[in-house]
Amino acid sequence: MNTNTVSLGIIQETLLITLWARACEMNQIDPILIDSKAATILAKIDYDFHKFSQEKSSQAIICLRNRAFDEIVTQFLQTHPQTSVLEIGTGLNNRFERLDDGSLHWFDLDLPDTIAVRKRFFQESDRHRFISASILETEWIDQVKSLSNGPMLFIAEGVLLYFSEQQVKNIFKTLAENFPGSWILFDATSPFLIKIRRRFDAVKYTNAQFQWGIRNIQEMQAWDSRYQVHRSVYIPADFPQYLNRFPFIERLMMSLFPRFQSMYGLHLMKLNDFKI
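Residues numbered from 1 in each chain as written. Predicted model: local features only at pLDDT ≥ 70, side-chain atom pairs only at ≥ 80, totals over all residues. Heavy atoms only, no water.

You'll find the protein chain entered in an unreviewed UniProt entry as Class I SAM-dependent methyltransferase, with Atlanticothrix silvestris CENA357 given as the organism.

Put into structure tokens, the structure is as follows:
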């Protein structure tokens, strides 16, 4: 079997954790999700994935997160069928292939080193385009606008926690000003979990650092009157059927302190085209 070596930046390397999580979920009796493409890609990459093998909590959370993103995006597109989608920090996710109905228009945006790896395993098309850029820059905006009309759905899965709060604010401001009326689906965690999570997360095997946390997602609406949270899903609180996938000590903590189950969630936000 041919294998590919990968050369990725510090934060970009974490995409291999999410790839591993989705790939090994195929071995579960009752899988949270089925992603055979992830398993195929993982088998072709020359990397020490075995170091993640004991991180059962990280693996389950990543798969629950991925499934929740898929479900919310699917439901959103059923009611907004003409909306183009742009996934920020797409890594080696194959969400477009999983959700494509034959008419979906999709952009995958990530840093140049990641897009270079992505092109080894995925092909672009007229409806599925890759953008090699940082979300913190603005050069990509004109490219997207030239190919898409109207409000969009932005997706940021497992991305924003690596940025500072000011960077997160700048991202939302840029999207709201350039794509008014659009939506963004993203995940966020509490500052407390940001502080302790690295000790219990597969990310400890990399040099990446978590940064941004927020106690209450409603605080973001105070950043800008255009921001309006429409839906939130919490992990693992909203997936009680999978609590047995977490180690006993974590389940005990969740039962003793139920708030732990709602410190991490996905949020669908509307970027309104007005200011109050």
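A. Highlighting the overall build of the protein chain. Scanning the protein chain for helices and strands turns up nine helices and seven strands. Since a compact globule built from 276 residues should have a radius of gyration of about 19 Å, the 18 Å found for the protein chain is in line with a globular shape. Each principal axis of the C-alpha distribution contributes one length, and for the protein chain these read about 50 × 50 × 35 Å. In the protein chain, which comprises 276 residues, the share counted as buried stands at 52%. (Helix = DSSP H or I, 4+ residues; strand = E, 2+ residues; numbered from the N terminus. Rg over C-alpha atoms; globule rule 2.2 N^0.38 Å. Buried < 20%, exposed > 50% of the residue type's maximum accessible area, 1.4 Å probe, protein only.)

B. Structural view of the pattern of salt bridges. Enumeration according to the criterion identifies 16 salt bridges in this entry. Across the pair Arg-98 and Asp-70 runs a salt bridge whose closest N-O atoms are separated by 2.7 Å. Highlighted residues: Arg-98 in helix H4 (residues 95-99) and Asp-70 in helix H3 (residues 56-79), separated in sequence by 28 residues. Assessed through its relative accessible area of 25%, Arg-98 is described here as partly exposed. Here Asp-70 falls in the buried class, since its relative accessible area comes to 12%. A salt bridge links Arg-118 to Asp-108; the nearest nitrogen and oxygen atoms lie 2.9 Å apart. (Salt bridge = Lys/Arg side-chain N within 4 Å of Asp/Glu carboxyl O.)

C. Structural detail: a nonpolar patch on the surface. Taken together, the side chains of Phe-248, Ile-249, Leu-252, Met-253, Leu-256 and Phe-257 define a hydrophobic patch exposed on the protein surface, amounting to about 590 Å² of accessible area. Tracing the backbone through its elements, the reader meets Leu-252 in helix H9 (residues 248-256). Residue Leu-252 is classed as partly exposed on the basis of its relative accessible area of 31%. (Patch = residues over 30% accessible without salt bridge, like charges linked within 9 Å, V, L, I, M, F, W, Y side chains within 5 Å. Areas by Shrake-Rupley, 256 points an atom, 1.4 Å probe, with all protein chains shown as cover.)

D. Highlighting the sheet that holds strand S5 (residues 182-189). Strand order across the open sheet formed by seven strands is S3-S2-S1-S4-S5-S7-S6, with mixed pairing between neighbours. On the outer flanks of this sheet lie strand S3 (128-132) and strand S6 (227-234), each paired with one strand and no other. Sheet twist, expressed as the mean angle between neighbouring strand axes with direction ignored, is 20 degrees. Here strand S4 (residues 152-156) runs beside S5; their pairing, made up of four bridges, is parallel. Each residue of the ladder has a partner; that of Ile-155, found in S5, is Leu-185. Most of the contacts of helix H6 (residues 139-147) go to S3, to which it runs at about 165 degrees, and overall it touches strand S1 (84-88), strand S2 (106-110), S3 and S4. (Pairing = 2+ DSSP bridges. Axes fitted to C-alpha atoms, helices over the stretch in contact; angles between N-to-C directions. Contact = heavy atoms within 4.5 Å.)

E. Summary view of the environment of Glu-13. Following the sequence through the fold, Glu-13 ends up in the segment before helix H1 (15-24). Residues Glu-13 and Tyr-242 lie 229 residues apart in sequence; the distance between their C-alpha atoms is 27 Å. Discounting residues that sit within four places of it in the chain, Glu-13 has contacts with Leu-8, Tyr-47, Lys-51 and Thr-206. A polar side-chain atom of Glu-13 sits 2.5 Å from a polar atom in the side chain of Tyr-47. (Polar contact = N/O pair within 3.5 Å; in protein donor to acceptor, adjacent residues only side chain to side chain.)

F. Quick look at the packing of H1 against H3. Packing of H1 against H3 brings their axes to within 9 Å, and their N-to-C directions diverge by 85 degrees. Classified by the angle their axes make, H1 and H3 are roughly perpendicular. For the pair formed by H1 and H3, the contact residues are Ile-17, Thr-18, Trp-20, Ala-21, Arg-22 and Cys-24 on the first element and Gln-59, Ile-62, Cys-63, Arg-65 and Asn-66 on the second. Of the residues in the contact of H1 with H3, the class split is six nonpolar, three polar and two charged. (Parallel < 35°, antiparallel > 145°, perpendicular 65-115°, else oblique. Nonpolar A, V, L, I, M, F, W, Y, C, P; charged D, E, K, R; others polar.)

G. Structural context of the pairing of S4. With five of its five residues buried, S4 lies for the most part within the structure. Here S1 runs beside S4; their pairing, made up of five bridges, is parallel. The residue bridging Ser-84 from the neighbouring strand is Met-152, located in S4. For the segment spanning S4, helix H7 (residues 165-178) and S5, crossover handedness is right-handed. (Right-handed = clockwise from strand over helix to strand, strands pointing away.)

H. Focus on the packing of aromatic side chains. Under the criterion given, the structure shown has 12 aromatic pairs. A centroid spacing of 5.5 Å and a plane angle of 40 degrees characterise the contact between Tyr-162 and Phe-210, whose relative ring orientation is tilted. Of this pair, Tyr-162 sits in the loop between S4 and H7 while Phe-210 sits in the loop between helix H8 (191-197) and S6, placing them 48 residues apart in sequence. Of the two residues examined, Tyr-162 and Phe-210, each falls in the buried class. Each ring, one from Phe-172 and one from Phe-186, has its centre 5.2 Å from the other, and the planes form 80 degrees; the classification is edge-to-face. Residue Phe-172 is found in helix H7, and its partner Phe-186 is found in strand S5; the two are separated by 14 residues along the sequence. (Phe/Tyr/Trp six-rings, centres within 6.5 Å; stacked < 30°, edge-to-face > 60°.)

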